[in-house]
Amino acid sequence: MAKYTLEVYGVGRPQAGEREVELELEPGSTLEELLAALGQQAPAIADRVLGVDGRSLRPPYVLNINGLSFVEDLSLRPQEGDRILLMAPPAGG
Amino acid sequence: MDPGTNRLLLIDLTERRVETRPLPQALFENYLGGVGLGTRLLLEYCPPGVDPLSPKNPLVFVPSPLAGTLIPAGSKHAVVTKSPLTGMIGDSLSGSFWSAALRLAGWQALVVTGAAEALTYLFVDDGRVYFRQATHLAGLECWQTEEAIRRELKDGRVRVATIGPAGERLARYSGVFNDGTRRAGRGGVGAVMGSKKLKAIAVRGTQAVQVANLDAMEREALRLFQVAQGPVTEKYRALGTPANILTLNRLGALPTRNFQQTTFSGAEAISGEELYDKHLVKVAACSGCPVGCEHIYQAGAGSQKQSRTRLDYETLFALGPLCGVDQPNWVIRAADLCDRYGLDTISTGGTIAWAMECFEKGLLSLGDTDGLELTFGNGAALVQMVERIAQRQGLGDLLAEGSRLASQKLGQGSDHWAINVKGLELPGYEPRSLKTMALGYAVGTRGACHNRSPSYEVDMSGKVDRLKAEPGRGAMARDQEDFAAVLDSLVICKFMRKCFSDFYVDAARLYQVSTGLQLGAEELRLAGQRICHAKKAFNIREGWTKPLDWLPPRTLTEPIPDGPAQGVRLTAEELTMMIDDYYQSRGWTPEGLIPRQKLEQLGLEDLWPQISDKGSTPAPGKSDRGGSSLPAGARKPRPSSSLKGG
């Protein structure tokens, strides 16, 4: 099994009570599979951020890898040890 | 629209004269309302080349066409003038009860010209206007002024838009405040009001706002209310925009210590989460808003304990990380003072951060600061300097001019770290690690602004590499500007923008049910372009040249020193490439000027005489992706009717 760290930013964080979640998945898993695992391993967060299919994000949540790239394509396979950032993207007015 | 209700109130403070003029329907079809209509009125009523602080500079107030109706979060208004901070267009938004009151009083626009002999306030009592002496209100803080006027008029329903002491003293980034903590903050609209010796505009509106289709409006309003209480706005309801602090810090996009770093060691201490846990006292909402983003915080200890104010991300960033301050009590106190004195928090923080760097580099001495250790992280000094700016005391007199003018006066290379575009201090999105936002800042008509160009949304969408400058960003920044122009003209609160499944289609429907004008999605898109071009035309008329579309030297010469984006640069060549790409996407000349043909496409040909002598304007070539035809389904724009003599 491979370990991935999910960092939670924004609205999910105070409500869900988690700052980071360790997820264990098969090596080479996709981001979609990672989100599905989130539903099983951290339902308090998943309930707030996942769509009805349990494998995608509901708007406005997005994913970012290692604080660098935002990703839209959930078929992307993160590297083991990557830190996945789950966030409501910064926005002001 | 009912032509009988589309009226402009024109008030000349010098002559103490009041006129009403009809607003032709074509103005609404072409400019919608808010910022768009305000821009058009500015072009009409502002003589070319005026000093922004002279009586001839008009101050234009335009409510949303949705204000005072059932549509949620539509009670907003625009304040438009020639900015004393930039010398370019200054358009700023505020909202809540005052916006609705102006429409309930029967006005679609209010234009104030001239200057009073002594401090005055206006009382717009439905269809009547009273000039009232305000010398007894001199020096009062914003909320004190509101209360004093309501007491004086013996009516709690009266809504007041006012300036504070900073506006009276012509601080170039003072704002016009209303309903407690709502403010048209940016660009110095308060200084223009102060230059007119106009302390406040009180409004009592007791009429009903007529809408075209009440049944349809009820359906639209209900749908929006439901969506606006769902997940797309949960962030604003839960933590408010202060949630951005930790997110942007993690992304290396949190401007810190005057843009010397992109991450802040004290981010956790002033995060939205920390404030929520330890300082939140109340969550409030604007008039008719189902979101309720307004988080009110109170300082927790010591002499700052009585301070209590609204904090949003921009205020928090500007008075926190940008000045290196990680103690919430000082940040809350500084923000509270800005609201009381009537100062824009972004420019206040940006200008003080510039001065802190000057102090640390030895350009300002203890003698210059009257003994104040003006170092990054010194919260007490930050608060003291806000006081002095508002009163124009000591160094505060220089800082009240904004970072651009202050750095020009101080010299010694201090413009290198004067972080502004066209004079407007940058908001809290680091341009070197958000390349589309960098372009949006550079070309912004009112200067560096994340609201008029929400291009950071492109950078955080996953559709582009945010760290890379590349062709194509021009069109993306253009589309973000056009979108914002429509949003700011309708005027719909930005926090509602994700509540639309297809923004232009849904927004057109809102406009139709409210006004009866049958504009479709394509007409709205075209209006967005037209409004952006009208703003640009105003700037060209007032002396804009290509070098003004640029970024502060620091952001183009220093790589990011820290965080996940460490080592990332934005070079002058990259910025030039993106700006050229943007001009091309607009159908402008390589010098950034608007060709006559482009104005004609947008129904703005009457503006050509005002800008035709500003540089060469060859006809656009094949690269004109602005197109020579209107979007499918769009009607040819109607000529804008002149208001003068109408």
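Residues numbered from 1 in each chain as written. Chains lettered and ligands numbered in written order. Predicted model: local features only at pLDDT ≥ 70, side-chain atom pairs only at ≥ 80, totals over all residues.

Looking now at helix H9 (residues 244-251) of chain B. In terms of burial, H9 of chain B is a largely internal element, 8 of the 8 residues being buried. Contacts made by the buried residues of H9 of chain B are with strand E1 (2-9) and strand E5 (83-87) of chain A together with helix H10 (272-278) and helix H11 (313-319) of chain B. With its phi angle positive at about 65°, Gly252 of chain B sits one or two positions after the end of H9 of chain B. (Buried ≥ 20, exposed ≤ 12 C-beta atoms within 10 Å, placed from the backbone. Helix = DSSP H or I, 4+ residues; strand = E, 2+ residues; numbered from the N terminus. Contact = placed C-beta atoms within 7 Å.)

With that settled, consider the interface of chain B and chain A. Contact with chain B, which involves 34 residues of that partner, is made by 25 residues of chain A. It is H9 of chain B that provides the largest number of residues to the side of chain B that touches chain A, a total of 6 residues. Looking at the side of chain B that touches chain A residue by residue, the classes come out as 14 nonpolar, 8 polar and 12 charged. (Nonpolar A, V, L, I, M, F, W, Y, C, P; charged D, E, K, R; others polar.)

All names here are of chain B. Read from one edge of the open sheet, 3 strands run E13-E14-E15, paired in antiparallel fashion. Single-partner strands in this sheet number two, and they are strand E13 (280-284) and strand E15 (308-310). Each strand of the sheet is rotated relative to its neighbour by a mean of 20°, with strand direction disregarded. One ladder, built from 3 bridges, connects strand E14 (residues 294-298) with E15; its direction is antiparallel. The residue bridging Ile296 from the neighbouring strand is Arg310, located in E15. (Pairing = 2+ DSSP bridges. Axes fitted to C-alpha atoms, helices over the stretch in contact; angles between N-to-C directions.)

All names here are of chain B. Taken across its 7 residues, strand E4 (residues 76-82) has 7 buried, putting it largely inside the fold. Neither face of E4 is exposed, since Lys76, Ala78, Val80 and Lys82 on one face and His77, Val79 and Thr81 on the opposite face are all buried. Two strands pair when backbone bridges link them, and strand E3 (residues 59-63) and E4 are joined in this way by 4 bridges, in the antiparallel orientation. Across the sheet, Phe61 pairs through a bridge with Val79, a residue of E4. Two successive antiparallel strands, E4 and strand E5 (residues 89-95), enclose a turn made up of 6 residues, where Gly87 displays a positive phi of approximately 75°.

All names here are of chain B. Contact geometry of helix H13 (residues 345-360) with helix H16 (residues 403-410) gives a least axis separation of 9 Å together with a crossing angle of 25°. The pairing of H13 with H16 is recorded here as roughly parallel in orientation. Residues Gly350, Thr351, Trp354 and Cys358 of H13 lie in contact with H16, whose contacting residues are Ser403, Ala406, Ser407 and Leu410. Looking at side-chain class alone, the contact of H13 with H16 contains 4 nonpolar, 4 polar and no charged residues. (Parallel < 35°, antiparallel > 145°, perpendicular 65-115°, else oblique.)

This paragraph deals with the nonpolar core. Formed by 228 residues in total, the largest nonpolar core has its most connected members in Leu86 of chain A together with Ala109, Ala202, Ala334, Ala355 and Leu382 of chain B. In terms of residues, this core owes the most to one element, helix H21 (residues 521-541) of chain B, which gives 9 residues. Excluding anything up to four places from it in sequence, Ala355 of chain B contacts Leu364, Leu374, Leu395 and Leu399 of chain B. (Core = buried A, V, L, I, M, F, W, Y, C linked by C-beta atoms within 7 Å.)

Looking now at the confidence of the model for chain A. Confidence in the prediction for chain A averages 89 pLDDT; 94% of positions are at 70 or higher. Mean pLDDT across the secondary structure elements of chain A bottoms out at helix H1 (residues 12-16) of chain A, with 68, and peaks at strand E3 (residues 62-65) of chain A, with 95. (pLDDT = per-residue confidence, 0-100.)

This brings us to unusual backbone geometry. A negative phi holds for most residues other than glycine; trans holds for most peptide bonds. Following Pro59 of chain A, the chain continues to Pro60 of chain A via a peptide bond in cis, the omega torsion being 10°. Note that Pro60 of chain A resides in the loop between helix H3 (43-49) and E3. At Arg16 of chain B, a position not held by glycine, the phi torsion is positive, near 50°. By the secondary structure assignment, Arg16 of chain B is in the loop between strand E1 (7-12) and strand E2 (17-22). Judged by the 13 C-beta atoms lying within 10 Å of it, Arg16 of chain B is partly exposed.

So, on to the sheet that holds E5 of chain B. All names here are of chain B. Pairing in this open sheet of 6 strands is mixed, and the strands run E2-E1-E6-E3-E4-E5 from one edge to the other. The strands lining the two open edges of the sheet, one partner per strand, are E2 and E5. In this sheet, adjacent strand axes meet at a mean angle of 20° when their direction is disregarded. As paired elements, E4 and E5 share 7 bridges and run antiparallel to each other. Residue pairing across strands places Val79 opposite Ser92, the latter belonging to E5.

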